[in-house]
Amino acid sequence: MAAQTKVAVIYYSATGVTYQMAQAVCEAAGEAGAEVRLRKVRELAPDEAIRSNSGWQAHHLETQDVPEAMIDDLAWADVGIFGSPTRYGMIAAQLKQFIDTTGPLWAQGALANKVYAGFTSTATSHGGQETTLTSLFNVFYHWGGVVVPPGYTDSSQFIAGNPYGASHTSNNGEIAPDAVALGACALTARRAVLIGAALKQGMGG
């Protein structure tokens, strides 16, 4: 019997939209037969900034028991699925800071030959969703990873419309991820698990 595929879902979320997407990714990965870890990256913003936004403060308290991501989570995983809201067309600084700590694993080649995928949310339509995902993928290329996007592999993607990864427009956090966005998250997860399992088996994992 093939070993269970291990998936690390690593995300940053300020007011909870990206967190909801991360939960959908985890659920779908688990349903696809994977062992899943949900990990948030460390918050870098000062407490006064968080307290100044009621949604940010509420979400900060809501997820205080979600474990923080460690580079050991990436070493453990066969598949890494990363999520972040867009910041000027790029990932949030909090996720970038975590990625910048992975140098020791990268130097050992421990991040290569794994599957990676991504998801994102923006305040406005076309607010940098595609550039955020493609810039995130640059990291995975440097790691020697295998990027697995949802593409247009399911008819639902002709409604969701983003072949690079799952995405959602939140209107500054006012609109929760809908069935289309959550479905794209699930498809992204299922494909990552499918290809991750095949790669692991093919490499004798």
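Computed from a prediction, not measured in an experiment: that's the story for all the values here. (Residues numbered from 1 in each chain as written. Predicted model: local features only at pLDDT ≥ 70, side-chain atom pairs only at ≥ 80, totals over all residues. Heavy atoms only, no water.)

## Some remarks on the environment of Ala160
In this fold, Ala160 is placed in helix α8 (residues 157-160). Ala160 sits in the partly exposed class, given a relative accessible area of 29%. Sequence separation between Ala160 and Val193 is 33 residues; the distance between their C-alpha atoms is 20 Å. In contact with Ala160, other than residues within four places in its own chain, are Val180 and Ala184. (Helix = DSSP H or I, 4+ residues; strand = E, 2+ residues; numbered from the N terminus. Buried < 20%, exposed > 50% of the residue type's maximum accessible area, 1.4 Å probe, protein only. Contact = heavy atoms within 4.5 Å.)

## Structural notes on a nonpolar patch on the surface
Together, Val146, Leu194 and Ile195 make up an exposed nonpolar region whose accessible area comes to about 230 Å². Among the structural elements, Leu194 can be located in helix α9 (residues 179-202). On the basis of relative accessible area, Leu194 is assigned to the exposed category, the value being 56%. (Patch = residues over 30% accessible without salt bridge, like charges linked within 9 Å, V, L, I, M, F, W, Y side chains within 5 Å. Areas by Shrake-Rupley, 256 points an atom, 1.4 Å probe, with all protein chains shown as cover. Salt bridge = Lys/Arg side-chain N within 4 Å of Asp/Glu carboxyl O.)

## Looking at the pattern of salt bridges
One pass over the full model with this rule turns up 5 salt bridges. Across the pair Glu68 and Arg42 runs a salt bridge, and its minimum N-O distance is 3.1 Å. Taken as a pair, Glu68 in the loop between α3 (54-62) and α4 (71-76) and Arg42 in the loop between β2 (35-40) and α2 (47-51) lie far apart in primary sequence, 26 residues in all. Residue classification places Glu68 among the partly exposed residues on the basis of a relative accessible area of 32%. Where salt bridges share partners, they join Arg37, Arg39 and Asp73 into one cluster.

## Some words on the environment of Gln157
Considering the arrangement of structural elements, one finds Gln157 in helix α8. For the pair Gln157 and Leu187, spaced 30 residues apart in sequence, the C-alpha separation works out to 9.0 Å. Not counting the four nearest positions on each side in its chain, Gln157 is found in contact with Pro150, Gly151, Tyr152, Asn162, Pro163, Ala184 and Leu187.

## As for helix α7 (residues 129-143)
For α7, which comprises 15 residues, the first-to-last C-alpha distance of 22 Å matches the rise-based estimate of 21 Å (1.5 Å per residue) to within 8%. One or two residues past the end of α7 sits Gly144, with phi positive at roughly 80 degrees. (Expected span 1.5 Å × (residues − 1).)

## A word on the packing of helix α1 (residues 17-31) against α9
Where α1 contacts α9, the two axes come as close as 8 Å, and the packing angle between them is 45 degrees. Judged by the inter-axis angle, α1 sits oblique to α9. Read as a crossing pair, α1 and α9 show a hand that is right-handed. Note on element contacts: α9 touches α1 through Leu182, Cys185, Ala186, Ala189, Arg190 and Val193, opposite Gln20, Met21, Ala24, Val25, Ala28 and Ala29. Classifying every residue of the contact of α1 with α9 gives 10 nonpolar, 1 polar and 1 charged. (Axes fitted to C-alpha atoms, helices over the stretch in contact; angles between N-to-C directions. Parallel < 35°, antiparallel > 145°, perpendicular 65-115°, else oblique. Left-handed = near helix turned anticlockwise from the far one by under 90°. Nonpolar A, V, L, I, M, F, W, Y, C, P; charged D, E, K, R; others polar.)

## Side note on unusual backbone geometry
In this structure, Tyr88 is a non-glycine residue whose phi angle is positive, near 55 degrees. Note that Tyr88 resides in the loop between β3 (79-87) and β4 (90-91). With relative accessibility at 83%, the residue Tyr88 sits in the exposed group.

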